[in-house]
Amino acid sequence: MTGVMARNRIEHGSRPGSPTMAELSRQEALRLLQGARIGRLVFSHQALPAVRPVNHVLLDDQIIIRTHTGAAMLGPARDGAVVAYEADEFDTETCTGWSVVVTGEAHLVRDPAAQQRYQAALEPWIGDAMDHVISISLDMVTGCRIV
């Protein structure tokens, strides 16, 4: 157990042996996000919260996702809306895991060279034609680990 995790356990008075939560540094959160295969994009659609599972890649200090024509997430990306992106991994047997949340602006990638590069770097995980590329800035990166 690292010093930070042990200190959190002591400071928050948790029972010995019970899981504890420790905040992740930005660098550690991005490292975990880089290794995640699937995440959830959270955005506003028709004035209501919407969540979509998507795969991603981290490139050029951005989260890159691909989507299809007609997808609800295209509207926020066209408008430069603030969105959230969450990825996690948990083991319910050991009660351990991590969660990372990135908050940033979504933008539709319009530059043909960037579109081509991002499309080559990210294979869609579903079979639909994914002709649109969305970038999400890494404005706020938070995360926690449960150990």
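Read on for a plain summary of the structure. If you're wondering where the values come from, they're calculated on a predicted model, not measured in any experiment. (Residues numbered from 1 in each chain as written. Predicted model: local features only at pLDDT ≥ 70, side-chain atom pairs only at ≥ 80, totals over all residues. Heavy atoms only, no water.)

## So, unusual backbone geometry
Working step 1: In this structure, D60 takes a positive phi of about 55° despite not being glycine.
Working step 2: Mapped onto the elements, D60 comes out in the loop between β4 (57–59) and β5 (62–67).
Working step 3: A positive phi angle, close to 55°, is found at D61, a residue other than glycine.
Working step 4: By the element assignment, D61 lies in the loop between β4 and β5. (Helix = DSSP H or I, 4+ residues; strand = E, 2+ residues; numbered from the N terminus.)

## Overview of the nonpolar core
It is characteristic of soluble globular proteins that their nonpolar side chains tend to be buried jointly.
Working step 1: One finds L33, L41, I63, V100 and I134 to be the most contacted residues of the largest nonpolar core, which totals 29 residues.
Working step 2: Sorting the residues of this core by element identifies α2 (26–35), β2 (38–45), β3 (48–55), β5, α3 (74–79), β6 (82–91), β7 (96–108) and β8 (132–137) as the ones contributing at least two each.
Working step 3: By residue number, the principal contributor to this core is β7, which donates five residues.
Working step 4: The contacts of V100, once residues within four sequence positions are left out, are L24, A29, L32, L33, Y85, E86, A87, V141, T142 and G143.
Working step 5: Core analysis: the next-biggest nonpolar cluster, separate from the first, contains seven residues, V57, V109, L122 and V133 among them. (Core = buried A, V, L, I, M, F, W, Y, C linked by side-chain atoms within 4.5 Å. Buried < 20%, exposed > 50% of the residue type's maximum accessible area, 1.4 Å probe, protein only. Contact = heavy atoms within 4.5 Å.)

## Things to note about the pairing of β5
Working step 1: With five of its six residues buried, β5 lies for the most part within the structure.
Working step 2: Note: β4 against β5, three bridges, orientation antiparallel. Residue L58 lies in a different strand from β5, and its bridge partner there is I63.
Working step 3: Here β4 hands over to β5 after two residues, with D60 in that stretch at a positive phi of 55°.
Working step 4: Note that β5 and β8 share six bridges and pair antiparallel. (Pairing = 2+ DSSP bridges.)

That's the geometry; what it means functionally is another story.
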